[in-house]
Protein chains: 2
Amino acid sequence: MEIIARIHTDFPTKFGIPRQSGLAEKLQAQIVFEPDYRNPNCIRGIDGWSHLWLIWQFDRAVEAGWSDTVLPPKLGGKTRVGVFATRSPFRPNNLGLSCVKLEKVEITKDGPVLTVSGADLADNTPIFDIKPYVPYADCRLDAVDAFAETRQDTPLTVHFPEELLQKIPEEKREALIEVLSLNPRPGYQHDPTRRYGFNYAGSDVRFTIDGDDLTVVEVVSLF
Amino acid sequence: MEIIARIHTDFPTKFGIPRQSGLAEKLQAQIVFEPDYRNPNCIRGIDGWSHLWLIWQFDRAVEAGWSDTVLPPKLGGKTRVGVFATRSPFRPNNLGLSCVKLEKVEITKDGPVLTVSGADLADNTPIFDIKPYVPYADCRLDAVDAFAETRQDTPLTVHFPEELLQKIPEEKREALIEVLSLNPRPGYQHDPTRRYGFNYAGSDVRFTIDGDDLTVVEVVSLF
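In short, a report on the structure. (Residues numbered from 1 in each chain as written. Chains lettered and ligands numbered in written order. Predicted model: local features only at pLDDT ≥ 70, side-chain atom pairs only at ≥ 80, totals over all residues. Heavy atoms only, no water.)

Quick notes on the overall build of chain A
Link 1 in the chain: What chain A contains, in helices and strands, is 3 helices and 12 strands.
Link 2 in the chain: Taking 17 Å as the expected radius of gyration for a compact globule of 223 residues, we find that chain A reaches 18 Å, a close match to that expectation.
Link 3 in the chain: Projected onto the principal axes, the alpha-carbon positions of chain A cover approximately 55 × 45 × 35 Å.
Link 4 in the chain: Within chain A, buried positions represent 52% of all 223 residues. (Helix = DSSP H or I, 4+ residues; strand = E, 2+ residues; numbered from the N terminus. Rg over C-alpha atoms; globule rule 2.2 N^0.38 Å. Buried < 20%, exposed > 50% of the residue type's maximum accessible area, 1.4 Å probe, protein only.)

Here it is, written out as structure tokens:
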């Protein structure tokens, strides 16, 4: 299996990454091809498609191996489900699958670069394949969601004090607020005093969650 | 990369296989896990989902390697498109991606067996991963199809003489007629006298296509 590209996102670790692709539409990322795949011919016509599939490696999960069952956070962390009935990273072959929106195609000195939105990948994740999303085959309107009852429909209300927000690069703010509104907390934790956090675009972002309200309490630059 | 399962379908070769998954809904196939993955725990709860993703290997394309561009049959075989702008088998890592409908889950002496419909895979194709189709992330209603204008909306009318149809096992007939109606002919061939054919469920099926009419002219048992 050869790495054809790597994705550059604002998440150095898994913490804070939206739980599926497409949830944070404002979150942009860049796909940069590996030297052997920088031929612009390889992506000829790709801008005719609006969405792409990425098949990638949960590279941070490879060492941990896989389990036959997992405890999905969305099910409260108490219900065991078979690995093939989940999108868990801890699976044989550690393959990930994400649908992203293609925003821009550029030819740079490092070959073609694809700007995409909605990616749920950590920074520098290796990509094994890029395919067009073919709506008439891939969009299944009749598909049933086994976890439907656990989906949180309403986004959190994000309280982000202006002086903290100023510490985030301006063009990254809107996406961060979107990510926070998606409730980046394990489904089975409900302590309103607990401080959660993740690294985003060079800052450590800390917050609390009380009911449907998320309040940012600290932003520390990592540089 | 480890093979976790193999799929058993009615197509010994690529000829006749629907061009994408989900097109031939009556076409059933069985997924049988490899010995190391026959633990029923691995699929616990999978029947809560209606559709599954298969990530698999275009194993017949591995030897041929890959090309930076391909000539999609749907574009008349004359327009070069980048490999990452198509679902061509001749791609780096030779990965395939298909969405199938889960019809039945059984625990057999060979471990769990998943019966699925709509698969576009050749018999015995190696599978690397099975994931649930998560509609809220995977069903993108706003996705644009670059090849939309070339899609054939209306199925062919299939003329299948009764004495030839009798040679096909009864439970395989409906799916075969569906497959034939999908126009299993390269998009750039239009000779009404030419005989096309493929192997299906132990028979060699031969037919001609004139306009929107497909006529089966011969069925020969391969046993």
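The structure having been displayed, the exposition proceeds.
Thoughts on the pattern of salt bridges
Link 1 in the chain: Evaluated as defined, the whole model comprises 18 salt bridges over all chains.
Link 2 in the chain: Its salt-bridge partner being B:Glu34, residue B:Arg6 comes within 3.9 Å of it at the nearest N-O pair. Remark: B:Glu34 occurs in the loop between strand 2 (28-33) and strand 3 (51-57) and B:Arg6 occurs in strand 1 (residues 5-8); sequence separation between them is 28 residues.
Link 3 in the chain: Using a relative accessible area of 23% as the deciding quantity, one classes B:Arg6 as partly exposed.
Link 4 in the chain: For B:Asp204, the salt bridge is made with B:Arg206, and the minimal N-O distance between the two is 2.9 Å.
Link 5 in the chain: The exposure class assigned to B:Asp204 is buried, which follows from its relative accessible area of 14%.
Link 6 in the chain: Each of the salt bridges in this network shares a partner with another, and the network as a whole consists of A:Arg91, B:Asp129 and B:Lys131. (Salt bridge = Lys/Arg side-chain N within 4 Å of Asp/Glu carboxyl O.)

Looking at the interface of chain A and chain B
Link 1 in the chain: At the interface, 61 residues of chain A touch 61 residues of chain B.
Link 2 in the chain: For the pair chain A and chain B, the summed buried area comes to about 5800 Å², and 61% of that belongs to carbon and sulfur atoms.
Link 3 in the chain: Looking only at chain A, the three residues that lose the most surface to chain B are A:Phe84, A:Tyr136 and A:Arg140, adding up to 14% of its buried area.
Link 4 in the chain: If you look at where chain A meets chain B, you find 4 salt bridges.
Link 5 in the chain: At the boundary of chain A and chain B, one finds 36 residue pairs in polar contact (both at pLDDT 80 or more).
Link 6 in the chain: Residue assignment for the side of chain A that touches chain B shows that the elements contributing at least two residues are strand 3 (51-57), strand 5 (81-82), strand 6 (95-108), strand 8 (125-132) and helix 1 (135-138) of chain A.
Link 7 in the chain: Take the side of chain A that touches chain B: its biggest share by element is 5 residues, from strand 8 of chain A.
Link 8 in the chain: For the side of chain A that touches chain B, the per-class residue count stands at 34 nonpolar, 14 polar and 13 charged. (Contact = heavy atoms within 4.5 Å. Buried area = accessible area lost by both parts, 1.4 Å probe. Polar contact = N/O pair within 3.5 Å; in protein donor to acceptor, adjacent residues only side chain to side chain. Nonpolar A, V, L, I, M, F, W, Y, C, P; charged D, E, K, R; others polar.)

Here we look at the sheet that holds strand 8 (residues 125-132) of chain B
In sheet architecture, strand pairing relies on hydrogen bonds along the backbone and comes in two forms, parallel and antiparallel.
Residue and element names in this part refer to chain B.
Link 1 in the chain: Here 6 strands make up a closed barrel; going around it, the order is 1-2-7-6-3-8 and the pairing antiparallel. Pairs of neighbouring strands in the sheet enclose a mean axial angle of 45°, with direction left out of account.
Link 2 in the chain: Pairing geometry for strand 2 and strand 7 (residues 111-117), over 5 bridges, is antiparallel. For Ala-29, the partnering residue across the bridge sits in strand 7 and is Val-116. (Pairing = 2+ DSSP bridges. Axes fitted to C-alpha atoms, helices over the stretch in contact; angles between N-to-C directions.)

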